[in-house]
Amino acid sequence: MTLCVGALGLLAACGSVDDDKEPAGSGGGGANGLDARQACMNYCNAVNANGCEDAESDCEDFCDEVMEDAGALCEDKAAVLFTCALSYASTCPRDVPPSCQEQMAEVQTCMETHGCAGGELCSGGGGVDGETTCSCEATCLGQRHEMRCETPAGGTTTCVCLVNSVEVGTCEEPLPDWCGVRKGCCQEFFNLP
């Protein structure tokens, strides 16, 4: 998506936008009574309708993921951000528009305080003889949370859970595709919102 899910879990820089591409008279604006998911859907659908290069194929999935990343305590701020960004959808911005930077900062601050800011960075995949590995990390509630999982060929996935590089527990994951600090089995030790 042109204003991508990524580094901030909501809207993240995917390139750059020229200041002269901003629509005349645009500004911050409020959520106008819309809930955050609807504001996200409005933005996503507008980007898709404008044929932007990185249009999202499924706005339902995109907005579900965005709302999960924002968390319940930051949804109102996300609604304001998406409402601000909506007026730029026709320009296919690849970065948070300059007049929406304040709203972006508010979302980021909220997520740093109440959830996981910066999104998750995950890596891994299949290995030799059916073995798989996965590791994810995210800064949540001001601390670095990390999950490192391994699945031997035909075996059960075992994960090591770390907070600020200190092991806080291990767990077994029934399905190797549930790698993530908030979705995986390490959540029992992390207890993240």
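Residues numbered from 1 in each chain as written. Predicted model: local features only at pLDDT ≥ 70, side-chain atom pairs only at ≥ 80, totals over all residues. Heavy atoms only, no water.

(A) Structural context of the packing of helix H1 (residues 36-49) against helix H2 (residues 59-70). Where H1 meets H2, the closest approach of the two axes is 9 Å, and the angle between their N-to-C directions is 140°. Relative to H2, H1 is oriented oblique. For H1 against H2, the interelement crossing comes out right-handed. Between H1 and H2, the contacting residues are Ala36, Arg37, Cys40, Met41, Cys44, Asn45 and Asn48 on the first element and Cys59, Glu60, Phe62, Cys63, Asp64, Val66 and Met67 on the second. A per-class count over the contact of H1 with H2 returns 9 nonpolar, 2 polar and 3 charged. (Axes fitted to C-alpha atoms, helices over the stretch in contact; angles between N-to-C directions. Helix = DSSP H or I, 4+ residues; strand = E, 2+ residues; numbered from the N terminus. Parallel < 35°, antiparallel > 145°, perpendicular 65-115°, else oblique. Left-handed = near helix turned anticlockwise from the far one by under 90°. Contact = heavy atoms within 4.5 Å. Nonpolar A, V, L, I, M, F, W, Y, C, P; charged D, E, K, R; others polar.)

(B) Looking closely at a negative patch on the surface. On the surface, Asp58, Asp61, Glu65, Glu68 and Glu120 cluster together to form a negatively charged patch. Within the element layout of this structure, Glu120 appears in strand E1 (residues 116-126). (Patch = residues over 30% accessible without salt bridge, like charges linked within 9 Å, V, L, I, M, F, W, Y side chains within 5 Å. Areas by Shrake-Rupley, 256 points an atom, 1.4 Å probe, with all protein chains shown as cover. Salt bridge = Lys/Arg side-chain N within 4 Å of Asp/Glu carboxyl O. Lys, Arg positive; Asp, Glu negative; His and termini not counted. Charge placed at Lys NZ, Arg CZ, Asp CG, Glu CD.)

(C) Structural context of the state of the cysteines. Summed over the entire model, instances satisfying the criterion amount to 9 disulfides. Cys74 shares a disulfide with Cys110; S-S distance 2.0 Å. The disulfide joining Cys74 to Cys110 has a torsion of about -95° about its S-S bond and is therefore left-handed. Taken together, the positions of Cys74 in the loop between H2 and helix H3 (75-86) and Cys110 in helix H4 (residues 101-114) put the pair 36 residues apart, joining distant regions of the chain. (Disulfide = S-S within 2.5 Å.)

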